[in-house]
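# A structural walkthrough
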Amino acid sequence: MRVALICIDKPGHLEVRKTNRDAHLAYIEASGVVEMAGPFLSPTGEMVGSLVILDVGRLSDGEDWAAADPYAMAGLFQSVEIREWKKVIG
């Protein structure tokens with residue numbers, strides 16, 4: 001099952017994102033369940049959130065993955081929406 005994480009950063013938390021980016025990327029690599037991921041950008045090109053697509057067994061696995069993400073643990077996100085997602089194109 002694919003799960004989409006739609007994560008919106010707290011305003012003014014770009015430094016938290018930058019400080020924890022290496023740990024976040026290492027977590028993505030080590031977990032082996034991330035199909036695609038990337039930041040949302042503001043109109044000026046600043047990173048302001050994340051979209052992460054996971055391939056997991058259950059929705060609860062996606063919730064667990066999201067909770068253990070170094071970005072989440074650092075308090076970066078204002079909101080995190082976790083939804084089952086069906087790939088149709090691509």
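These notes cover the structure that comes with them.

What counts and what doesn't
Chains are numbered independently. Their residues run from 1 in the order of the written sequence. Per-residue local features are limited, in this predicted model, to residues with pLDDT of at least 70; the limit for side-chain atom pairs, both in listing and counting, is 80 or more; totals at the level of whole chains, interfaces and linings are taken over all residues. To get the side-chain values, take all heavy atoms of the structure and skip hydrogens and water. Aromatic pairing here means that ring centres of Phe, Tyr or Trp (its six-membered ring) are within 6.5 Å. Orientation follows from the plane angle: under 30 degrees is stacked, over 60 is edge-to-face, and everything else is tilted. Only protein chains enter the accessibility calculation, which uses a 1.4 Å probe; a residue whose area is less than 20% of its type maximum is buried, one above 50% is exposed, and one in between is partly exposed. Each helix corresponds to a stretch of at least 4 residues labelled H or I by DSSP, and each strand to a stretch of at least 2 residues labelled E; elements are numbered beginning at the N terminus. Contact definition: two residues touch when any of their heavy atoms are within 4.5 Å. Each helix should span, by expectation, one fewer than its residue count multiplied by 1.5 Å. Values of bend correspond, residue by residue, to the angle between axes fitted over the seven residues ending at that residue and the seven starting there. Residues adjacent in sequence count toward polar contacts only when both atoms are side-chain atoms; beyond that, a polar contact is any pair of N or O atoms within 3.5 Å, and within protein one must be able to donate a hydrogen and the other to accept it.

## Remarks on the packing of aromatic side chains
Per the stated rule, a full pass over the model turns up two aromatic pairs. Geometrically, the ring pair formed by Tyr-71 and Phe-77 is edge-to-face, given 6.1 Å between the ring centres and 85° between the ring planes. Phe-77 matches Tyr-71 in its accessibility class, with the two residues each being buried.

## Points about the side chain of Ser-50
Mapped onto the elements, Ser-50 comes out in strand E3 (residues 47–55). In contact with Ser-50, other than residues within four places in its own chain, are Leu-5, Ile-6, Cys-7, Arg-17, Gly-38, Pro-39, Phe-40, Tyr-71 and Phe-77.

## As for helix H1 (residues 14–31)
For H1, spanning 18 residues, the distance from its first C-alpha to its last is 24 Å, which sits close to the expected 26 Å at 1.5 Å a residue. Approximately 55° is the largest bend angle found in H1, and it occurs at Arg-21. Among the residues making up H1, those that are buried are Arg-17, Asn-20, His-24 and Ile-28. Residues of H1 that are buried make contact with strand E1 (2–9), strand E2 (34–41), E3, helix H2 (59–68), helix H3 (70–73) and strand E4 (77–85). Backbone geometry just downstream of H1 places Gly-32 in the positive-phi region, at approximately 70°.

## A closer look at the environment of Thr-19
Position of Thr-19 relative to the elements: it lies in helix H1. Through-space distance from the C-alpha of Thr-19 to that of Glu-81 is 23 Å; in sequence the pair is 62 residues apart. At a separation of 2.8 Å, a polar atom in the side chain of Thr-19 contacts the main-chain carbonyl oxygen of Glu-15.

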